[in-house]
Amino acid sequence: MIDIKSAVVILSLCCVALLSVCAVLIFLYVHQNKNISKLADSINDFISNRTPIDFSVSDNEFSRLQNSVSDLANLIILEKSNTQKQIKKNTEFISDVSHQLKTPLAALRLYCEMELAENPSEHIKTQLELIEKMENLVQNLLRLEKIRSDAYIMKFEKASISEIANTLVGDFSPLFLQKSTQFTATAF
């Protein structure tokens, strides 16, 4: 049988060991929380300022998580860079296409204006109107590309849909003289 002194010593050693284990677990818990907080701050800093997230050289599960987050952040930066390059290419393409369209339209306009001055006719006036509409379409194409690439500042205002529809009907009705188009406004 174990005497009381031995039992007290064994119990004391068990308590010391238990306290030591608790101290180590508390230390690890605090250290892990500090790492989690640091990673969260790094993520927030990346979201706000695009500051890169550090890559960890440690070999533990938390380091794997941190490295995955770092890889994800790098992919986001790369994708944004690729997107900007693509937007630039698209803008250059649209500018080139619009220039290629504007040049012959300007020549057609000049020819029609000279013809109108020498020989006025409704046909020439209609041709000039169609050329002007085509020029407007080219300008709208450029504006849409600017809007898409965030290079254009938009100013929103209220508008009447029936006025817009009537304008469109007026613009397209010469193209469809045989058709009868009618719009009715309904309230929602």
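Conventions adopted
- Residues numbered from 1 in each chain as written.
- Predicted model: local features only at pLDDT ≥ 70, side-chain atom pairs only at ≥ 80, totals over all residues.
- Heavy atoms only, no water.
- Helix = DSSP H or I, 4+ residues; strand = E, 2+ residues; numbered from the N terminus.
- Buried < 20%, exposed > 50% of the residue type's maximum accessible area, 1.4 Å probe, protein only.
- Contact = heavy atoms within 4.5 Å.
- Expected span 1.5 Å × (residues − 1).
- Axes fitted to C-alpha atoms, helices over the stretch in contact; angles between N-to-C directions.
- Parallel < 35°, antiparallel > 145°, perpendicular 65-115°, else oblique.
- Left-handed = near helix turned anticlockwise from the far one by under 90°.
- Nonpolar A, V, L, I, M, F, W, Y, C, P; charged D, E, K, R; others polar.
- Salt bridge = Lys/Arg side-chain N within 4 Å of Asp/Glu carboxyl O.
- Phe/Tyr/Trp six-rings, centres within 6.5 Å; stacked < 30°, edge-to-face > 60°.
- Lys NZ or Arg CZ within 6 Å of the ring centre and 35° of its normal.
- pLDDT = per-residue confidence, 0-100.
- Polar contact = N/O pair within 3.5 Å; in protein donor to acceptor, adjacent residues only side chain to side chain.

*Asks:* I'm lost on the environment of Gln100 in this one. Help?
*Replies:* As for its placement among the helices and strands, Gln100 is situated in helix α2 (residues 61-118). Each C-alpha atom, one on Gln100 and one on Ile43, is 46 Å from the other, the two residues being 57 residues apart in sequence.

*Asks:* How should I be thinking about the side chain of Ser63 in this particular structure?
*Replies:* For Ser63, the position within the fold is in helix α2. Looking at Ser63, the relative accessible area reads 4%, which means it is buried. Beyond its immediate sequence surroundings of up to four residues, Ser63 is in contact with Ser56 and Ser58.

*Asks:* Explain α2 to me, please; I cannot follow it from the model alone.
*Replies:* Here α2 is 58 residues long and its end C-alpha atoms lie 85 Å apart, about the 86 Å a rise of 1.5 Å per residue gives. For α2, every residue scored as buried is listed here: Phe62, Ser63, Gln66, Asn67, Val69, Ser70, Ala73, Ile87, Ile94, Ser98, Leu105 and Cys112. The inward-facing, buried residues of α2 abut α1 (4-49) and α3 (122-148).

*Asks:* For this particular structure, what's the right way to read the packing of α2 against α3?
*Replies:* Viewed as axis vectors pointing N to C, α2 and α3 meet at an angle of 165 degrees, and their least axial separation amounts to 9 Å. Classified by the angle their axes make, α2 and α3 are roughly antiparallel. With respect to the hand of their crossing, α2 and α3 are arranged in left-handed fashion. Class assignment of the residues belonging to the contact of α2 with α3 gives a composition of 14 nonpolar, 6 polar and 9 charged.

*Asks:* What am I meant to see in the pattern of salt bridges here?
*Replies:* Working definition: two side chains of opposite charge can pair if their charged atoms are close together. Going through the model one piece at a time under the given rule, you end up with 4 salt bridges. Notably, a salt bridge pairs Arg109 with Glu113, separated by 3.3 Å at the nearest N-O pair. With Arg109 and Glu113 both in helix α2 and 4 residues apart, this pair spans about one turn of that helix. Under the relative-accessibility criterion, Glu113 is labelled partly exposed at 37%.

*Asks:* Just checking my understanding: could you explain the packing of aromatic side chains for this structure?
*Replies:* Aromatic ring pairs: the centre-centre distance and the angle between the two ring planes describe each pair. One pass over the structure, following the stated rule, counts 0 aromatic pairs. Positioned above the aromatic ring of Phe46 is the side chain of Arg50, whose terminal nitrogen or guanidinium carbon lies 5.2 Å from the ring centre.

*Asks:* Could you clarify how one ought to interpret the packing of α1 against α2 in this entry?
*Replies:* Packed helix pairs are characterised by how far apart their axes lie and by the angle those axes make with each other. At a minimum axis separation of 11 Å, α1 and α2 run at an interaxial angle of 0 degrees. Taken together, the axes of α1 and α2 lie roughly parallel to each other. Of α2, the residues touching α1 (which contributes Gln32, Asn35, Ile36, Leu39, Ile43 and Phe46) are Phe62, Leu65, Gln66, Val69, Ala73, Ile76 and Ile77. Partitioning the contact of α1 with α2 into residue classes produces 10 nonpolar, 3 polar and no charged.

*Asks:* Explain the confidence of the model for the protein chain to me, please; I cannot follow it from the model alone.
*Replies:* As a general rule, the predicted coordinates of low-pLDDT regions are not to be interpreted in detail. For the protein chain, the mean per-residue pLDDT works out to 84, and 91% of the residues sit at or above 70. Averaged pLDDT values for the elements of the protein chain fall to 83 in helix α4 (residues 161-172) and rise to 91 in α1.

*Asks:* Would you explain unusual backbone geometry in this entry?
*Replies:* Peptide bonds are mostly trans, and most non-glycine residues show a negative phi. With a phi close to 60 degrees, Arg50 is a non-glycine residue in the positive phi region. Take Arg50: it is sitting in the loop between α1 and α2.

*Asks:* Please clarify how the environment of Asn60 should be interpreted in this entry.
*Replies:* Take Asn60: it is sitting in the loop between α1 and α2. Among the polar contacts listed, one links the side chain of Asn60 to the backbone nitrogen of Phe62, at a separation of 3.2 Å. A distance of 2.7 Å separates a polar atom in the side chain of Asn60 from the backbone nitrogen of Ser63.

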